[in-house]
Each structure stands twice: as structure tokens, then as C-alpha cells.
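# Descriptive analysis of the structure
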Amino acid sequence: MDQESQAAFAAGRLFDASTEKIAIVVNNDYSLLDHRRNWVEAFLGAQATVLVYAEATGPHEQLIDRGVKFTNTAIGREDVSLIRELARLLRLTIVLLRERPHIVFLIQTRANVLGCALPLVLRRTRFVRVFGGRGRVFGDTSGGSRLVKLATRICLSLSAHCKNTTSIFQTPSDLDYFAKRQMAVRERSRVIVGTGVSVDKWSEQSQAPRTDEPVVVMIARLFKEKGVYDYVDAIRLLRKRDVRARFELVGPIDEGLSTSVSAQEIADWEREGLVRYLGRQENIAAILRECHTLVLPSYHPEGTPRVLLESAAAGVVRIASDIPGCAATIESEVDGILVPVRDPESLARAIERSVTQPDLANRLGMAAQARARREFPVERVVAQVLDAGGVRRR
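The sections below set out a description of the structure shown in this document. Just so it is clear, the model here is predicted, and its values are computed rather than measured.

### Quick notes on unusual backbone geometry
Across residues other than glycine, the phi torsion is negative in most instances, and most of the peptide bonds are trans. Unusually for a residue other than glycine, Gln182 sits at a positive phi of about 65°. Tracing the backbone through its elements, the reader meets Gln182 in the loop between α8 (172–180) and β7 (189–191). Overall, Gln182 belongs to the partly exposed group, its relative accessible area being 44%. A positive phi angle, close to 55°, is found at Arg342, a residue other than glycine. Its relative accessible area of 47% is what places Arg342 among the partly exposed residues.

This is the structure in C-alpha cells:
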């Protein structure tokens, strides 16, 4: 978009949703603000009434202050209790019947499983099923039982074949995966890469001076499939080679998952002198301002990780595992480096190249920033999301 269109977008003048009531069902308030704050801002900017149903973990006050009607709604995680599931579905159905929104965004697998029958109940409501990846239940290491996977497939198939639903995926491979298993209908599905990034905001970070010592950071929820242990093992290899760099770990301990990293493990790594743990950080821009290399050795069934978009816009060197979600944002050796999954040695070699070869780092960072501006601007992504939801244009 040109500057005039961007200003109009920010002011909500490109869309007319003044009579629309838009509901969002998502795991928790932090997840929504961390990954899709731009969507909420766009809906509000379009003068829509925005309803959010999510578990309150603290930052929901930010939504309320912006005029969002927030309802504390626990939709659960890794929970296979049929009674609890039915109780949650009943509560969600009741509140949506009371509000009767025009559009409902069901974000991530849990919300789509819980809300699978809602399109049948609210036939005049448009439902947008949003998938940021395949979800843990379909991951290679999820440990989920066949019964849970079968139940999930049945639920997603039920909603997929309702004519008042549209599905959004972040990679073509995810769309193919769901469509081949009857969990999505291609004719009512779209691929929208990423959640969008404000390139000008993040590119400002690249203009700030970074520390003399290269800083390598991994930013993620801390559970096994994100590749945390591979990152630590790679650091051990680099320490043995006397590679000069400071290694940091940023993100919350994901205590709701069976494969979560423990606080004791992190404390042990710090005592060993491997990493500096910064915990959950709200100001990721400040982290990237000092960051030289961003690492994400994930083998979780990712969509397009937001941190890879933000670090690209900031001109940071990106090293990630060669899985579809990461590969959708990185062309290896052009605007980042892709490494084999669960391969600490390859990860260590890539990190060593990034911190010891300034010309390579500069080339990769500049190319990543150019690509972010070209392919991932928030204006384009949110416009596509609004179109998928049927938000009326003026």
C-alpha cells in the first residue's frame, strides 16, 4: 500500500464494519495480543464491535481499555474430558447466542475443536477458522492418542463442511494436509502467510547500535518441540570451540504442556554458563535491538512463526529449522539459514557462521528486511483477513 492507503487503513477508512459485531475465540489474552494484536486494531479501526472470548491471564485489561468486550472463557488445552468439553461448548454457545455476532474468528485448533458445532447452531453467522499450524495433536511428537486425533478430525471435518465457514492457513502444506483428511474444503479456504508485521516499526530497531559482543537469542514458548534442547546442545558445542557470543533464551515456561521445559533445567543451564534466561518479555523490539542472530530450531508443526517475521523486519540474521512454516519465511542462504531438524551440530555451524562472518550476516539481514517489506506488511495481511471474514468495504 502507498502511504495514503496505509494512513486510511490505520484510521479504519478502508473498511465499513460499523454495523458488524466481530467475535474472537482464542486460547488466552496473551496469545491474542502477542500474535494478532494487529487484527484487533483493524477490527476496531473499522468501527466494529469486538468481542473476545479467551482465558484471562493478565493482559486482557489492554483489550478492555481499547473498547473490546472481553469475557473470561477457558477453552482448555490437552484436555480429553468429555464432560468438561461439553460444559465449555455449552457455555460458549450460550454467550454467542446471546450476542449473535456477524462474524466469529476461531483461532487455533483448540478453539476450532470446541466450536465445531457452532456453525450449525448460528447459521446466519460467518465463521472463520484460523490455523497457525497443524496443532500439537497432529504433530509427530504430540503423544496424543489415536482416539484424540480421530475425535479432533471428526470435529474439524464437521465445521469444515458447513457452508458458513471459511478456513485460513499460513502455508500451502497445511491446507493440503487438512484438505486431504477432509478437515478443510479447498474452495472455502485461503492461505495467508503470517499474521502481518509493521515493517517500519521493526526496521527502526535495525538502526540502533548493537553490542560489540554478538548476541544470539531464541524467543519461543519453552517446550521440547520448539527445539530448546537442541539450542542448548548447540551452545555447548560452540563453547568447546571458543566461539565468542552471548546466548540468551526468551519466553514463558509453558507449564500447560506435558513437554514443557522446567524451571530447574533452565537454572542448571544458567549455572553451567550456557544461557542467560530473560523470561517472558513484552518488549521484543528491545530484545531484537541488541540481537545479532535469532534462532528457532523448532520441529513443532508451526504455521509461520511471528518471531521470524519480526526479526526479518528488524534486519536480524535468522536461523531456523527446515520445516514448512519456517521455510515459508526464509530462503536459505538468501535471507536466512535453514538447518535440519533436531541437528545441534548443523545448528552450531550455522550460528558460528553468522557471528564470525560480518559480510554474510549483513547480507542476510538486509535481504530479510527487504522481503518483510515486500511480502509480510501488516496492511496486506489484515486486509486479506478482513476479506476472508466478509467485512464490508466502503
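### Quick word on the pattern of salt bridges
Two side chains of opposite charge can pair, provided their charged atoms sit close to one another. Tallied over the full model, the rule gives 23 salt bridges. We note a salt bridge from Asp174 to Arg134, for which the minimum N-O separation is 3.2 Å. Here Asp174 is found in helix α8, whereas its partner Arg134 is found in the loop between β5 (126–130) and α7 (146–160), with 40 residues between them in sequence. Arg353 is paired through a salt bridge with Glu333; the nearest N and O atoms lie 2.9 Å apart.

### Here we look at the packing of aromatic side chains
Taken as a whole and judged by the stated rule, the model has nine aromatic pairs. Here Arg36 stacks its cationic end above the ring of Trp39, 5.0 Å away from the centre of that ring. The lysine or arginine in question, Arg181, covers the ring of Tyr177, its NZ or CZ lying 3.8 Å from the ring centre.

### Remarks on the sheet that holds strand β11 (residues 293–296)
Pairing is parallel across the open sheet formed by six strands, whose spatial order is β10-β9-β8-β11-β12-β13. Of all the strands in the sheet, the pair left with one neighbour each is β10 (276–279) and β13 (337–339). If you compare each strand with its neighbour and ignore which way they point, the axes differ by 25° on average. Where strand β9 (residues 246–250) and β10 come together, three bridges link them in parallel fashion. Within β10, the position partnered with Leu249 by the bridge is Tyr277.

### Some points on helix α10 (residues 228–240)
The end-to-end C-alpha separation of α10 is 19 Å, in line with the 18 Å expected for 13 residues at 1.5 Å each. The secondary structure elements touched by the buried residues of α10 are β8 (215–219), β9, α11 (263–271), β11 and α15 (344–356). Looking at the residues trailing α10, positive phi occurs at Asp242, about 60°.

### Looking at the nonpolar core
Ile219, Tyr231, Phe247 and Trp269 are the most contacted members of the largest nonpolar core, which has 61 residues in total. With six residues, the top contributor of residues to this core is α10. Each residue touching Ile219, except ones within four places of it in the same chain, is listed here: Val250, Ile284, Ile287, Leu288, Leu294, Val295, Leu296 and Val307. Listed in part, the 31 residues of the second largest apolar core include Leu44, Leu63, Phe105 and Val130.

### Thoughts on helix α2 (residues 29–45)
The terminal C-alpha atoms of α2, which comprises 17 residues, lie only 19 Å apart, well short of the 24 Å expected from a rise of 1.5 Å per residue. Burial analysis of α2 places 12 of its 17 residues in the buried class, the great majority of the element. Every buried residue of α2 is accounted for by Asp29, Tyr30, Ser31, Leu32, Leu33, Arg36, Trp39, Val40, Ala42, Phe43, Leu44 and Gly45. Its side-chain oxygen placed 3.2 Å from the backbone nitrogen of Tyr30, Asn28 serves as the N-cap of α2.

### So, the environment of Ile154
Tracing the chain through its elements places Ile154 in helix α7. Classification of Ile154 as exposed rests on a relative accessible area of 53%. Taking C-alpha positions, Ile154 is 33 Å from Arg380, a pair spaced 226 residues apart along the chain.

### Let's talk about the sheet that holds strand β3 (residues 69–72)
Ordered by their spatial adjacency, seven strands build an open sheet running β3-β2-β1-β4-β5-β6-β7, and the pairing between neighbours is parallel. Edge positions in the sheet fall to β3 and β7, since each has one partner strand and no second. Recorded for the sheet is a direction-independent mean angle of 20° between the axes of neighbouring strands. With four bridges joining them, strand β1 (residues 21–28) and strand β4 (residues 103–107) adopt parallel strand pairing. Within β4, the position partnered with Ile24 by the bridge is Phe105.

### Structural notes on the side chain of Ser159
Structurally, Ser159 can be placed in helix α7. On the accessibility criterion, Ser159 (1% relative accessible area) is buried. Ser159 has contacts with Cys116, Pro119, Arg129 and Thr165, leaving out every residue within four places of it along the chain.

Each value, and the rule that gives it
- Residues numbered from 1 in each chain as written.
- Predicted model: local features only at pLDDT ≥ 70, side-chain atom pairs only at ≥ 80, totals over all residues.
- Heavy atoms only, no water.
- Helix = DSSP H or I, 4+ residues; strand = E, 2+ residues; numbered from the N terminus.
- Buried < 20%, exposed > 50% of the residue type's maximum accessible area, 1.4 Å probe, protein only.
- Salt bridge = Lys/Arg side-chain N within 4 Å of Asp/Glu carboxyl O.
- Phe/Tyr/Trp six-rings, centres within 6.5 Å; stacked < 30°, edge-to-face > 60°.
- Lys NZ or Arg CZ within 6 Å of the ring centre and 35° of its normal.
- Pairing = 2+ DSSP bridges.
- Axes fitted to C-alpha atoms, helices over the stretch in contact; angles between N-to-C directions.
- Expected span 1.5 Å × (residues − 1).
- Contact = heavy atoms within 4.5 Å.
- Core = buried A, V, L, I, M, F, W, Y, C linked by side-chain atoms within 4.5 Å.
- Polar contact = N/O pair within 3.5 Å; in protein donor to acceptor, adjacent residues only side chain to side chain.

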